[in-house]
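Survey of secondary and tertiary structure
Spelled out from the first residue to the last, the chains are:
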Amino acid sequence: MNALGHAPVNLLPDHVPADLVRPYTFVLGNLTSANPYDRMVHDVHLHYPPIFWVKDVYPGGAPAWVVRRFADMRAIYADDEHFTVKGFAPFAMLVGDSWDLVPAGADAPLHDAYRALLNPLFTPVALKKLEEKVRTVAERLVDSFKDKGAIDFREDFAVPFPVSIVLDLLDLPQARMAEFMEWEHSLLHELNLASIMSATRKVVDMFREIIKERRVNPGDDLVSFAITAQIGDRHLTDDEIVGFCFNLFIGGLDTVTTNLCWQFRRLGEHPGEQQALRDNPALIPDAIQEYLRYFSPASTFRTCTKEIEIGGVTFKPGDKVLMSTTLGSNDPEQFENPEEVRFDRRATHLAFGSGIHHCLGHHLARRELTVAMQTVLARLPEFRLDQSAEILTDLGGVIQPRSVPLIWQA
Amino acid sequence: MPKAIFTLHDGTRHTVEVPIGETLMKAAVNADIPGIAGECGGSVSCATCKIQIANGWWDRLPPVEELEESLIEDAVPQTRLSCRVCMAAELDGIEVSVPQSQYG
């Protein structure tokens, strides 16, 4: 209370000790011209307590706990008694809709029913029939720019590559590429709420349109699958199918783009690593596993549903918890010298999360990343990052550089 | 309590006690056996808990179901997901080996 008897606006909840409050850089809207993986990520581990409170990290400027240790994060991912995934991505809420992401936005037991339905679609065997398409798309893209000598790898490869594959999974014409890319950008990288809302509305309207059309003309695509699929003795509702499509849209595009950006930026800055992979392409899967750890770019949220103490900190129902895979995958208590890239580390990390919500599309993502690296290294001569260009990086829910200028002798 | 013996890629052997009915994945993760990740917590999705079953034990395991099969098709022969192998009295002493990497 201040002298006038009003509670200060920034008053902390009673269970949050003032000495655990920290400023935090990795918030939607913040930008940096540095490479955040050089120092910024590791500085959090060096200087911050294992669990800290940030006043403005939840979208809309609300507070949340941040848990930076791998072991604590794994425990929270596994704990559906005290934490829920509800509300971890606010898109439907923003436009006043009632659907949840399927499966990412559902808790057990409904989540388990969704995964039982969807897991078989994304196994390595199920994805084999996509393999040739994935490779063809990668080759076509590289051939389109290999004589140029200079590109923005983000715009020319990292964005269109996964979009093209998702268009195939949905059996939509490649001609819709530009439209998809624009919506995806508005959804995940616009800083003002109005643009995000408008993009959400457009994407949902598109999917409702496609669902209507596929009910009449079903095919061999994921939307048609969702329409005919059953959980027990019932079909999925339209809201559930929209949630599934939307989940594919936000999960299958930007995350792959982001990892491609960081991996190829890294290869452009570290000729030794690039040469090692050119000399021995068999190292590529191990390299990708390590780059996924080192550059884990995504954060999601959990909400506490039942009081629990973790490491001396009390979490109360309603508290938001930021799950930064970036921090968990770079925890020095879990990984020796996490700031070093070591292809032979072969470590388990949190890039795909952990527990029952572990990324449904991770086999596809690894496939895409592997094919991309094999194809680019085979078809492009040695490339470098253009050091003269300033690269801005978004520090929000997905840490992504806005450009990756690569140059080579064409 | 029944035991399972995990041989790592470097040849070291770890004996782990596994209660009847518990999966080898869970027991291995609880015992911090290197190389068994179990990223999805046993929901048959991530394929990061692969083990190779030693000769003499393979035939005593229940058959591989379709979903598990589609996750291990490219793995070495006699591979199972350890989240799909539950300890039972007849599996006491089972010998398995852990691959160098779960990711490739």
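Let me begin by describing the structure that accompanies this report. (Residues numbered from 1 in each chain as written. Chains lettered and ligands numbered in written order. Predicted model: local features only at pLDDT ≥ 70, side-chain atom pairs only at ≥ 80, totals over all residues. Heavy atoms only, no water.)

This part takes up the overall build of chain B. Secondary structure assignment for chain B yields two helices and five strands. Its helices and strands taken in sequence order, chain B reads β-β-α-β-α-β-β from the N to the C terminus. Computed over its C-alpha atoms, the radius of gyration of chain B comes to 12 Å, within 12% of the 13 Å expected for a compact globule of 104 residues. Oriented by its inertia axes, the alpha-carbon framework of chain B measures out at about 30 × 30 × 25 Å. By residue count, 45% of the 104 residues in chain B fall in the buried class. Taking as baseline every contact in chain B between residues at least 6 positions apart, the subset at least 24 positions apart corresponds to 59%. Surface exposure of chain B reaches about 4900 Å², of which carbon and sulfur atoms provide 49%. Distance from the positive charge centre (7 side chains) to the negative charge centre (15 side chains) of chain B: 5 Å. (Helix = DSSP H or I, 4+ residues; strand = E, 2+ residues; numbered from the N terminus. Rg over C-alpha atoms; globule rule 2.2 N^0.38 Å. Buried < 20%, exposed > 50% of the residue type's maximum accessible area, 1.4 Å probe, protein only. Contact = heavy atoms within 4.5 Å. Areas by Shrake-Rupley, 256 points an atom, 1.4 Å probe, with all protein chains shown as cover. Lys, Arg positive; Asp, Glu negative; His and termini not counted. Charge placed at Lys NZ, Arg CZ, Asp CG, Glu CD.)

Turning to the overall build of chain A, a few remarks are in order. Regarding its fold elements, chain A presents 16 helices and 15 strands. Per-residue burial for chain A yields a buried fraction of 55% across its 410 residues. When contacts within chain A are restricted to residue pairs at least 6 apart in sequence, long-range pairs at least 24 apart make up 70% of them. Between the mean site of the 40 positive side-chain charges and the mean site of the 56 negative ones, chain A shows a separation of 2 Å.

Turning our attention to the interface of chain B and chain A. Facing 19 residues of chain B, the contacting portion of chain A comprises 22 residues. In this assembly, chain B packs against chain A so that about 1600 Å² is buried in total across both faces, 50% of it on carbon and sulfur atoms. When the buried surface of chain B facing chain A is broken down by residue, E39, S45 and Y103 of chain B rank first, second and third, together holding 38% of it. At the boundary of chain B with chain A, the tally comes to two salt bridges. The residue K128 of chain A makes a salt bridge to D74 of chain B at a minimum N-O spacing of 3.1 Å. Taken together, chain B and chain A are joined by 13 residue pairs in polar contact (both at pLDDT 80 or more). Considered class by class, the residues forming the side of chain B that touches chain A number eight nonpolar, eight polar and three charged. (Buried area = accessible area lost by both parts, 1.4 Å probe. Salt bridge = Lys/Arg side-chain N within 4 Å of Asp/Glu carboxyl O. Polar contact = N/O pair within 3.5 Å; in protein donor to acceptor, adjacent residues only side chain to side chain. Nonpolar A, V, L, I, M, F, W, Y, C, P; charged D, E, K, R; others polar.)

Another aspect to go through is the pairing of strand β2 (residues 51-58) of chain A. Residue and element names in this part refer to chain A. Counting buried residues along β2, six of its eight residues qualify, which places the element largely inside the surrounding structure. Pairing of β2 with strand β3 (residues 62-67), which is carried by five bridges, proceeds in the antiparallel orientation. In the strand pairing of β3, W53 is matched with W65. Where β2 hands over to β3, the hairpin turn is made up of three residues, of which G60 adopts a positive phi near 95°. (Pairing = 2+ DSSP bridges.)

Here the focus is the sheet that holds β3 of chain A. Residues and elements named next belong to chain A. Judged by pairing direction, the sheet is mixed, and its five strands sit side by side in the order β2-β3-β11-β8-β4 without closing on themselves. Where the open sheet ends on each side, the last strands, each with one partner, are β2 and β4 (83-84). Against the sheet, helix α2 (residues 70-78) makes contact with β2, β3, β4, β8 (299-304) and β11 (320-324), and its axis sits at roughly 120° relative to β11, the strand it touches most. (Axes fitted to C-alpha atoms, helices over the stretch in contact; angles between N-to-C directions.)

The next subject is the packing of helix α5 (residues 124-145) of chain A against helix α16 (residues 362-379) of chain A. All names here are of chain A. For the pair α5 and α16, the least separation of the axes is 9 Å and the interaxial angle reads 35°. The element α5 and its partner α16 pack so that their crossing is right-handed. Two secondary-structure elements touch here, α5 through P124, L127, L130, E131, V134, R135, A138, E139, V142 and D143 and α16 through H363, L364, R367, E368, V371, Q374, T375, V376 and R379. Residues belonging to the contact of α5 with α16 are distributed by class as follows: nine nonpolar, three polar and seven charged. (Left-handed = near helix turned anticlockwise from the far one by under 90°.)

Let us look at the sheet that holds strand β15 (residues 405-407) of chain A. Residue and element names in this part refer to chain A. Taking strand neighbours across the sheet as the criterion, the three strands line up as β5-β15-β12 in an open arrangement whose pairing is antiparallel. Of all the strands in the sheet, the pair left with one neighbour each is β5 (150-152) and β12 (384-385). Pairing analysis gives two bridges linking β12 to β15, with the strands arranged antiparallel. Counted as the bridge partner of R384 is I407 from β15.

Judged by nonpolar contacts, the single largest core of 112 residues is most densely connected at Y24, F153, F157, F161 and L260 of chain A. Setting aside its immediate chain neighbours within four residues, L260 of chain A contacts F153, F157, A158, F161, P162, L369 and A372 of chain A. Core analysis: the next-biggest nonpolar cluster, separate from the first, contains 29 residues, M25, I36, I72 and V85 of chain B among them. (Core = buried A, V, L, I, M, F, W, Y, C linked by side-chain atoms within 4.5 Å.)

This brings us to α2 of chain A. All names here are of chain A. Looking at α2, one finds that the buried residues are F70, D72, M73, I76 and Y77. In a view along the axis of α2, the buried residues occupy a sector of 160°, so they form one face of it. In α2, those exposed residues whose orientation departs by more than 90 degrees from the buried face are A71 and A78. (Arc of directions from axis to C-beta.)

The analysis is restricted to geometry; functional conclusions fall outside its scope.
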